[in-house]
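Below are the chains, spelled out letter by letter.
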Amino acid sequence: MVYFSLVHSVFMVVLVIGLGVAYGLTPLIAQENGKSNFKECAELLSNSLWLNVAAAVFLFLIVYYGSMFAIQHADQDPQVVATAKPYLLILSLSILPLMVFQTFKQFAEGLGFTKQAMSITIWGNVLNVIIAVILVKGMFGIEPMGVQGVGIATLIDRVLMMLVMMWYVLGS
């Protein structure tokens, strides 16, 4: 369990930075939507998507190069570091789908569709727990994966949440 604490203490800083970048879209969309300036809403969505993808790539690089290096030099048990690094890598891969999801979520919330965004988020978290239990324990013929299963479940969940949120926003 030490590797969970180690990885999450590093990853939470990155996550807060990423979410902070994404949250700026909601008030801008609400303002332009209030003026019935739908063309500007579309441009804001497009620009925000590009910005959040760029932020995701930047944050991934920070995690991959900076945090991986920092974890090695954090005076932790070498076995903890050996277990934590692959888990951190899997979590860092989930930054991109998370940031794309956040782009569409903030856009929907700016338009006033908060229930839908909340529902997708809640169901995504429930799905994350279910997939994590299956992968960690090795159910349904899957080999037990331990902590790596939690990371893979998070990655799968974030990709699915991104796809559902994109489908909802673009389909509406």
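Residues numbered from 1 in each chain as written. Predicted model: local features only at pLDDT ≥ 70, side-chain atom pairs only at ≥ 80, totals over all residues. Heavy atoms only, no water.

Turning our eyes to something else, we now look at the overall build of the chain. Across its full length, the chain holds seven helices and zero strands. Along the three orthogonal principal directions, the C-alpha set of the chain runs to about 55 × 40 × 20 Å. Counting over 172 residues, the chain shows a buried share of 40%. Of the contacts made within the chain by residues no fewer than 6 positions apart, 75% connect residues no fewer than 24 positions apart. With an accessible surface of roughly 9400 Å², the chain has 71% of that area assigned to carbon and sulfur atoms. (Helix = DSSP H or I, 4+ residues; strand = E, 2+ residues; numbered from the N terminus. Buried < 20%, exposed > 50% of the residue type's maximum accessible area, 1.4 Å probe, protein only. Contact = heavy atoms within 4.5 Å. Areas by Shrake-Rupley, 256 points an atom, 1.4 Å probe, with all protein chains shown as cover.)

It is worth spelling out the packing of helix α2 (residues 25–34) against helix α5 (residues 95–110) at this point. Running from N to C, α2 and α5 cross one another at 35 degrees; their axes reach a closest spacing of 7 Å. As for the relative orientation of α2 and α5, their crossing is right-handed in sense. The residues of α5 that touch α2, namely those facing Leu 25, Thr 26, Ile 29 and Ala 30, are Thr 103, Gln 106, Phe 107, Glu 109 and Gly 110. Of the residues in the contact of α2 with α5, the class split is four nonpolar, four polar and one charged. (Axes fitted to C-alpha atoms, helices over the stretch in contact; angles between N-to-C directions. Left-handed = near helix turned anticlockwise from the far one by under 90°. Nonpolar A, V, L, I, M, F, W, Y, C, P; charged D, E, K, R; others polar.)

Here helix α6 (residues 114–137) contains 24 residues, and its C-alpha end-to-end distance of 35 Å stays within 8% of the 34 Å for a straight helix at 1.5 Å per residue. For α6, the set of buried residues is Ala 117, Ile 120, Gly 124, Asn 128, Ile 131, Ala 132 and Leu 135. Looking one or two places after α6, you find Gly 138, whose phi comes out positive at around 75 degrees. (Expected span 1.5 Å × (residues − 1).)

As a further point, take unusual backbone geometry. For Ser 36, which is not glycine, the phi dihedral falls at a positive 60 degrees. Within the fold, Ser 36 resides in the loop between α2 and α3 (38–72). In this structure, Phe 140 is a non-glycine residue whose phi angle is positive, near 60 degrees. On the secondary structure map, Phe 140 appears in the loop between α6 and α7 (147–171). Looking at Phe 140, the relative accessible area reads 70%, which means it is exposed.

Okay, the packing of α5 against α7 next. Relative to each other, α5 and α7 sit at 30 degrees, their axes nearing to 8 Å. Handedness of the crossing formed by α5 with α7: left-handed. Contacts from Pro 97, Leu 98, Val 100, Phe 101, Phe 104, Lys 105, Phe 107 and Ala 108 in α5 reach Leu 155, Arg 158, Val 159, Met 161, Met 162, Met 165, Met 166, Val 169 and Leu 170 in α7.

Evaluation of the coordinates by the stated rule reveals one cavity of 30 Å³ or more. Here the largest cavity defines a volume of roughly 40 Å³. Lining the largest cavity are Phe 11, Val 14, Leu 15, Gly 18, Leu 59, Ile 95, Leu 98 and Met 99. Counting residues per element, the lining of the largest cavity draws most heavily on helix α1 (residues 2–22), which supplies four residues. (1 Å grid on protein atoms, 1.4 Å probe; cavity = no way out; pocket = protein on both sides within 12 Å on 5 of 7 lines; lining within 4 Å. Points joined across faces, edges and corners; volume = space filled by probe spheres on them.)

Moving on to the pattern of salt bridges. Summed over the entire model, instances satisfying the criterion amount to three salt bridges. A salt bridge links Lys 39 to Glu 43, with the nearest nitrogen and oxygen atoms 3.0 Å apart. One end of the pair is Lys 39 and the other is Glu 43, both in helix α3 and four residues apart, which spans about a single turn. Residue classification places Glu 43 among the partly exposed positions, given a relative accessible area of 35%. Between Lys 105 and Glu 109 there is a salt bridge, and its shortest N-O distance comes to 3.0 Å. (Salt bridge = Lys/Arg side-chain N within 4 Å of Asp/Glu carboxyl O.)

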